[in-house]
Amino acid sequence: MPIIRIPGMIDPHTHLRDLDWAHKATFQSETSAAIAGGYTAVFDMPNTAPSTTSATLLEEKLARIDQAAHCDWGLYFGASQADNTGEYEDIAARVCGLKIYNNATTGDLLISSRAMRERHYRAWKTNRLIAVHAEGETIINILDLVRKYRQPTHFLHISSQREINLLAAAKNEGLPVSIGVCPHHLFLSEDDLPSLGGFGLMKPELKTKNDQRALWRAIRQDVVDIIESDHAPHTLAEKQSESPAYGVPGVETTLPLMMQAVKDGRLPLQRACDMLSLNVQRAWRIKPFPKTYTIVDTDASFIIERQNLHSQCGWSPFEGARVCGRVREVWIRGHKVYDGERVLSRPGFGHNLFGLAA
Ligand code: DOR
Ligand code: ZN
């Protein structure tokens, strides 16, 4: 399987930083890294500094990313504990969805009360989906809300056997849910923590080999819909400190890791491609732009090394891994934006896939 063409690869789960966290990464640096990783669009999470929790803060972020992004993009709005549901009508048309953090992670967005979670579900009346960070038992609470309000819900970074079983049952029940899984939970486990140190810390945490096997099984059984990177760049200093920040970068390593898995016979090629493109387009109800695709040489094998990465953070938890699948070209809306070595689009070339930007 040498040269393949993947239409409209989208990563629906990235933390591009910028704004007050530009020291970690910027819209410019990370959309550039995403293109080098084969993506034509990325969706940015709202746990930025400041968090994207009001129409005003969304406007500021829209204006900033609109002039900086090299690839197409979408922004999530963040549900806040202080009850920002009054903003929903205003902002819904311009965002890729509502993000609800139900477990603690980087940033200060956390909805810990069931009553407040329900308030957000009740108030979100658009056809944009809700994406949830829900770990373990919290998933049961969110599934109750999906059952009641029938709002399409994407479960981000599912990492354990128990979680995947709960969501497989929800799908069998006919609930409108989709499931995202991250490469770090597929290719790393808690056994790697001693060697990775701070570079192996993220939320949800690395799990057991048994959990990892359950994720792969769920991929083969078509239970998992999407492979998302949860690209979360932090500086080297932050990861090497006494209390390392949670999160790992991933937009440049996801595609080659999955292509290596195909080569190793862990899943069919078409299945891997669908989880990186078509299934995202379906879940977010996006009509892909014409002439938007990625050309990959699936035979080209290489070792992941930090000096070859474009992300501003300059490290990867997968350094040293042998992978295959070199991105040779990326095209967005008929424009060649990557030639295998250089990103060719200018900052601001990217479009908001959801409505008009500011
Ligand atoms: O490890 C993580 N890092 N998990 C998240 O949910 C957030 C992310 C970040 O923003 O750093
Ligand atoms: Zn995340």
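Colleague: Pulling in residues and values, what's your account of the sheet that holds strand S10 (residues 293–303)?
Modeller: The four strands are arranged S1-S10-S11-S12 in an open sheet whose pairing can be described as antiparallel. Looking at strand neighbours, the two that pair on one side only are strand S1 (3–7) and strand S12 (335–338), the edges of this open sheet. Pairs of neighbouring strands in the sheet enclose a mean axial angle of 35°, with direction left out of account. By the bridge criterion, three bridges tie strand S11 (residues 322–332) to S12 in an arrangement that is antiparallel. Residue pairing across strands places isoleucine 332 opposite histidine 335, the latter belonging to S12.

Colleague: Describe the sheet that holds strand S3 (residues 41–44), and please don't skip the residues or the numbers.
Modeller: Taken in spatial order, the eight strands line up as S2-S3-S4-S5-S6-S7-S8-S9 in an open sheet, and their pairing is parallel. Either end of the sheet is taken by a strand with one partner, and the two such strands are strand S2 (10–14) and strand S9 (226–227). Bridging between strand S6 (residues 129–133) and strand S7 (residues 153–155) involves three bridges; their strand directions are parallel. The residue of S7 that forms the bridge with alanine 131 is histidine 154. In this fold helix H2 (residues 55–68) packs onto S3 and strand S4 (72–78), with an angle of close to 165° to the strand it touches most, S4.

Colleague: I'd like to hear about the site of ligand 1, residue by residue, with values.
Modeller: Around ligand 1 sit 14 residues in total, of which Arg17, Asn47, Thr105, Thr106 and Lys203 are the nearest. At 3.5 Å, a side-chain N or O of histidine 133 approaches an oxygen atom of ligand 1. Contact between ligand 1 and glycine 247: an oxygen atom at 3.2 Å from a main-chain N or O atom of the residue. In isolation ligand 1 offers 290 Å² of accessible surface; the protein chains occlude 100% of this area. Most atoms of ligand 1, that is more than half of them, are within 2 Å of grid points of the largest cavity. Classifying every residue of the shell around ligand 1 gives three nonpolar, eight polar and three charged.

Colleague: Would you mind going over the environment of serine 195 in detail, with residue names and values included?
Modeller: Positionally, serine 195 belongs in helix H8 (residues 193–196). Residue serine 195 is classed as exposed on the basis of its relative accessible area, which comes to 67%.

Rules behind the numbers
Residues numbered from 1 in each chain as written. Chains lettered and ligands numbered in written order. Predicted model: local features only at pLDDT ≥ 70, side-chain atom pairs only at ≥ 80, totals over all residues. Heavy atoms only, no water. Pairing = 2+ DSSP bridges. Helix = DSSP H or I, 4+ residues; strand = E, 2+ residues; numbered from the N terminus. Axes fitted to C-alpha atoms, helices over the stretch in contact; angles between N-to-C directions. Contact = heavy atoms within 4.5 Å. Near = heavy atom within 4 Å. Polar contact = N/O pair within 3.5 Å; in protein donor to acceptor, adjacent residues only side chain to side chain. Areas by Shrake-Rupley, 256 points an atom, 1.4 Å probe, with all protein chains shown as cover. 1 Å grid on protein atoms, 1.4 Å probe; cavity = no way out; pocket = protein on both sides within 12 Å on 5 of 7 lines; lining within 4 Å. Sits in = over half its atoms within 2 Å of the grid points. Nonpolar A, V, L, I, M, F, W, Y, C, P; charged D, E, K, R; others polar. Buried < 20%, exposed > 50% of the residue type's maximum accessible area, 1.4 Å probe, protein only.

Taken by themselves, the reported measurements are silent on function.
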